[in-house]
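Here is what each chain is made of, one letter per residue.
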Amino acid sequence: MRRFTTASLALTLAATSVFAGAVAVAAQEGQEWKVAMLADVGSLDDKNFNEYTLAGTTAATESLGLDAPTAVVPKDDSEYGTLLTALVADGNNIIVTTGFNLTNETTIAAKEYPDVWFIGVDQAPICITPEGDPDDTFACEGDPATLLPNYVAIKYQEDQAGYLAGMAAAAASENGRIGAIGGVTFCAPCVRFIQGYKRGAEAVNPDIEVSTAWVTDSDIVKAFYDQPGGKLFAQQVIELNQPDVLFQVAGQTGNGVLDAACEAGILGIGVDVDQYLSYPAVADCLLTSAEKKLEKTVDDTIQGVTSGTLGAGDLNFAAVDEGIGISDFREKSELVSDEVQQAIADAFAAMQAGELETCPPDNCGALLE
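The next point concerns the state of the cysteines. What the rule picks out here adds up to four disulfides. Between the sulfur atoms of cysteine 187 and its disulfide mate cysteine 190 the distance is 2.3 Å. The sign of the S-S torsion, about 75°, decides the handedness of the disulfide formed by cysteine 187 and cysteine 190: right-handed. Ordering the disulfide-forming cysteines of the protein by sequence position, one finds them joined as 1-2, 3-4, 5-6, 7-8.

In C-alpha cells form, the structure reads like this:
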C-alpha cells in the first residue's frame, strides 16, 4: 500500500473512460492541484472501499507529482458537511468523497463551491432538481453536467462483476445451494451485485438454489462496519440455508461473513477488491472476489480531471473499460472447470461487446416488494 497522510477530525479551517452525458471542461492553464479524500464512516484501513479509494487517490497524486492527499474519516454521517467545508477551506481543489452515503452532501458542496472539483465514488446517477439541489423526490429533472459542472460521479456495473462471481459459485458448488448476504436493502450497488450473481449462477446451473439475506434495512454501521455482527448473522444464514458458497456484499461486516464461511468449511466470495490480498485471514476458503477496480478508476478519473480530458456528470465503469472483474481463483482454480473458466471469459467478452444482459431491466438495483 502506498503511503498517505491522514488529517484528524479537527482539521483546521484556515486514462480514457466513457462519460454518460458528460461535458468536457478544459483544465485551467497553470492550475495547481491539491487533492483530498473524505472517507465514509469507518476507517482508512478497512481492507475495502475506503482503503482502495485512498490507494487510487494516492496513486494519482504520485503520478502527477502532487503532495500526498489529505484523508479524513468522519465519526458519523453528521460530520460529512462540516468536513467537506473544512477541506475546501484548507485549499483542496479536488475532493474525492467515498461511497453512496455521501451523495447528498457532495451534491450540496459541488453547488456551493463551483471552483472545486468533487469526485464522488459510487454516487451515480446524480439526481438533482432544476436548481441543482439533491432531489429527494427522485424526479431528477436537473441536468448535472450543466448545473454542477464540477462534480464527477463514478458508478460501476456491479451486476457484471456479480454475474461472473455467480458463474464461479455455481461451478464450485457441490450441493446446488449458494448464498449471498448484502449489507442494507437500499444500497443499489449491493442489490446489483446480487442480482448479477443470481443470473450468472443460473447461466451455469439453471437448477441452482440462490438464497439472499440482508443484514439490515436501515443501519449503515451495522450493514458495513460490524465484523463481529456480520459473522454472527452469517452463521445463522448458513445454518438455515446450508449454502456451500457464500458471497458477501457488506464491506467490513462482510468480512465477518467470510469468517463464518471459513469456520463452517464452505467457500466465500469477496467484494469490491481482491480480498485474497486485502483480507488474507480468509484466503484459504476464498473462491474469488467480485471486483470494482477502485484504485484504477479513481486514479484515472483524477488524472482525467487534471488534464481537462474528462468532464462533469455520471461516469460508468464496466467490463468495456475493465472497470470491473473477478479475482484470480489461485489454488481454488481446480474447483472451477476449464469449461466454466472459458465460459466466464466468454461472458466477460460478451459484456464488453454489449451482448450480455446481467441485470433485470425492470428493477436493476432495486428490490421488488
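Moving on from the coordinates now.
Each regular strand displays side chains that alternate between the two surfaces of the sheet. Buried residues dominate strand β10 (residues 245–249), accounting for five of its five residues. Alternating positions in β10 separate into two faces, Val245, Phe247 and Val249 on one and Leu246 and Gln248 on the other, with burial throughout. Here strand β8 (residues 177–184) pairs with β10 via five bridges, running parallel. Residue pairing in the sheet places isoleucine 178 in a bridge with valine 245 of β10. Between the parallel pair β10 and strand β11 (residues 267–272), the chain is carried across by helix α9 (residues 251–264), and the sense of this crossover is right-handed.

Quick look at the pattern of salt bridges now. The tally for this structure, following the rule as stated, stands at twelve salt bridges. Measuring nitrogen to oxygen at the nearest pair gives 2.9 Å for the salt bridge that ties lysine 292 to aspartate 122. Linking lysine 292 in strand β12 (residues 286–292) with aspartate 122 in the loop between β6 (117–121) and α4 (144–147), this pair joins segments that are 170 residues apart in sequence. Considered together, lysine 292 and aspartate 122 belong to a single accessibility category, that of buried residues. Glutamate 158 is the salt-bridge partner of lysine 292, the closest N and O atoms lying 3.0 Å from each other. Taken together, the residues span a long stretch of sequence, with lysine 292 in strand β12 and glutamate 158 in helix α5 (residues 158–172) at a distance of 134 residues. Note on accessibility: lysine 292 and glutamate 158 belong to one class, buried.

The subject of this paragraph is the packing of α5 against helix α6 (residues 188–204). Where α5 contacts α6, the two axes come as close as 6 Å, and the packing angle between them is 40°. Here α6 runs oblique to α5, going by the angle between their axes. When the axes of α5 and α6 are compared, the crossing they make is right-handed. Along the contact surface, α5 presents Glu158, Asp159, Ala161, Gly162, Tyr163, Ala165, Gly166, Met167, Ala169, Ala170 and Ala171, while α6 presents Pro189, Arg192, Phe193, Gly196, Tyr197, Arg199, Gly200, Ala201, Ala203 and Val204.

Phe118, Tyr197, Phe247 and Leu287 are the most contacted members of the largest nonpolar core, which has 91 residues in total. In terms of residues, this core owes the most to one element, α5, which gives nine residues. Sequence-distant contacts of phenylalanine 247, defined by excluding residues within four places in its chain, comprise Gly179, Ala180, Ile181, Phe193, Tyr197, Ile269, Gly270, Val271 and Ala290.

Overall, the coordinates contain five aromatic pairs when judged by the stated rule. Between phenylalanine 100 and phenylalanine 224, the aromatic rings sit 6.4 Å apart at their centres with planes inclined by 80°, giving edge-to-face as the arrangement. Within this pair, whereas phenylalanine 100 is found in the loop between β5 (94–98) and α3 (103–112), its partner phenylalanine 224 is found in helix α7 (residues 220–224), the two being separated by 124 residues in sequence. Assessed through its relative accessible area of 11%, phenylalanine 224 is described here as buried. Taken together, Phe100, Phe186 and Phe224 form an aromatic cluster joined through their ring pairs.

Proline 125 follows alanine 124 through a cis peptide bond whose omega is 0°. Relative to the helices and strands, proline 125 is located in the loop between β6 and α4. The phi dihedral of phenylalanine 138 is positive, around 60°, even though this residue is not glycine. Checked against the element boundaries, phenylalanine 138 lands in the loop between β6 and α4. Take phenylalanine 138: its relative accessible area is 64%, and that puts it in the exposed class.

Thresholds applied
Residues numbered from 1 in each chain as written. Predicted model: local features only at pLDDT ≥ 70, side-chain atom pairs only at ≥ 80, totals over all residues. Heavy atoms only, no water. Disulfide = S-S within 2.5 Å. Buried < 20%, exposed > 50% of the residue type's maximum accessible area, 1.4 Å probe, protein only. Helix = DSSP H or I, 4+ residues; strand = E, 2+ residues; numbered from the N terminus. Pairing = 2+ DSSP bridges. Right-handed = clockwise from strand over helix to strand, strands pointing away. Salt bridge = Lys/Arg side-chain N within 4 Å of Asp/Glu carboxyl O. Axes fitted to C-alpha atoms, helices over the stretch in contact; angles between N-to-C directions. Parallel < 35°, antiparallel > 145°, perpendicular 65-115°, else oblique. Left-handed = near helix turned anticlockwise from the far one by under 90°. Contact = heavy atoms within 4.5 Å. Core = buried A, V, L, I, M, F, W, Y, C linked by side-chain atoms within 4.5 Å. Phe/Tyr/Trp six-rings, centres within 6.5 Å; stacked < 30°, edge-to-face > 60°.

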